[in-house]
Amino acid sequence: EAGVVQSPRYKIIEKKQPVAFWCNPISGHNTLYWYLQNLGQGPELLIRYENEEAVDDSQLPKDRFSAERLKGVDSTLKIQPAELGDSAVYLCASSLDPLGSTQYFGPGTRLTVL
Amino acid sequence: GENVEQHPSTLSVQEGDSAVIKCTYSDSASNYFPWYKQELGKGPQLIIDIRSNVGEKKDQRIAVTLNKTAKHFSLHITETQPEDSAVYFCAASRGQGAQKLVFGQGTRLTINP
């Protein structure tokens, strides 16, 4: 069974530029999560989707971050414009459902903002 | 909201010895406590979890204990091997499942041959 797929794996951009990350969850997983992981820290939840609905986006900085999961399968996280402090690893995870099921993480996208 | 503290931040043990990592949490309503292992360049991988109706759970060389009164839980790895070297994260969540995991800061475990 294929795991969570993320692309790109690495991205280097200049500050103020836009950037987008893509995630394809495990087949059949209805719940999708985006996390931010700063260097030397644990992941922090940005947004959680149940199918195509964002059910928890309280931690998403909505002035510059946006996300979508239009067909309830793959998802895109966007930053516009990027700032130096956005340099981090962006992790995507999925689970079969939100109740009592394991979250499976992708390898992440390492973003460097110069 | 929930706050999870994890100690130590780094841990070095000799191969074959045991390693213990401890976490405390603040929200008494939390009832799901997973542990993740993260290797370099990879995403976190679940290695064991425990729910609040259980005090201890074991899976081969890995065990987790939970003390709900004191609000702390621990990961125990016995007979450590070089492949156990990684960063380990504890997490806590309210509700029935893993909807909103709050992670600790991580422990870098190094197994010395």
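Located above this text is the structure these notes cover.
Residues numbered from 1 in each chain as written. Chains lettered and ligands numbered in written order. Predicted model: local features only at pLDDT ≥ 70, side-chain atom pairs only at ≥ 80, totals over all residues. Heavy atoms only, no water.

### As for the state of the cysteines
Residue and element names in this part refer to chain B.
Link 1 in the chain: Applying the stated criterion across every chain yields a total of two disulfides over all chains.
Link 2 in the chain: Across the disulfide from Cys23 sits Cys90; the S-S distance is 1.9 Å. Note on the Cys23 and Cys90 pair: the S-S dihedral is about -100°, so by sign convention the disulfide is left-handed. Of this pair, Cys23 sits in strand β3 (residues 19–25) while Cys90 is found in strand β9 (residues 86–94), placing the two residues 67 residues apart along the sequence.
Link 3 in the chain: For Cys23, a relative accessible area of 0% translates into the label buried.
Link 4 in the chain: You can call Cys90 buried: its relative accessible area is 0%. (Disulfide = S-S within 2.5 Å. Helix = DSSP H or I, 4+ residues; strand = E, 2+ residues; numbered from the N terminus. Buried < 20%, exposed > 50% of the residue type's maximum accessible area, 1.4 Å probe, protein only.)

### So, the sheet that holds strand β1 (residues 5–7) of chain A
Backbone-to-backbone hydrogen bonds pair the strands of a sheet. The strands run either parallel or antiparallel.
All names here are of chain A.
Link 1 in the chain: Overall, antiparallel pairing links the four strands, which are arranged β1-β3-β8-β7 in an open sheet. Two strands bound the open sheet, and with one partner strand each, they are β1 and β7 (65–68). Across the sheet, the mean angle from the axis of one strand to that of its neighbour is 15°, orientation sign disregarded.
Link 2 in the chain: Sheet topology note: the β1/strand β3 (residues 19–24) ladder contains three bridges and is antiparallel. Residue Gln6 lies in a different strand from β3, and its bridge partner there is Cys23. (Pairing = 2+ DSSP bridges. Axes fitted to C-alpha atoms, helices over the stretch in contact; angles between N-to-C directions.)

### Some remarks on the environment of Ile12(A)
Residue and element names in this part refer to chain A.
Link 1 in the chain: Within the element layout of this structure, Ile12 appears in strand β2 (residues 10–13).
Link 2 in the chain: Between the C-alpha atoms of Ile12 and Leu114, which are 102 residues apart in sequence, the distance is 7.4 Å.
Link 3 in the chain: Here Ile12 is in contact with Thr112 and Leu114, once residues within four sequence places are set aside. (Contact = heavy atoms within 4.5 Å.)

### Comments concerning the sheet that holds strand β7 (residues 62–67) of chain B
Residue and element names in this part refer to chain B.
Link 1 in the chain: If you trace the five strands from one edge of the open sheet to the other, you get β1-β3-β8-β7-β6, paired in antiparallel fashion. Edge positions in the sheet fall to β1 (4–7) and β6 (56–59), since each has one partner strand and no second. Each strand axis lies, on average, 15° off the axis of its neighbour in the sheet, ignoring direction.
Link 2 in the chain: By the bridge criterion, six bridges tie β7 to strand β8 (residues 72–77) in an arrangement that is antiparallel. Following the sheet pairing, Asn67 is matched in β8 by His72.

These figures come from the coordinates and say nothing about function on their own.
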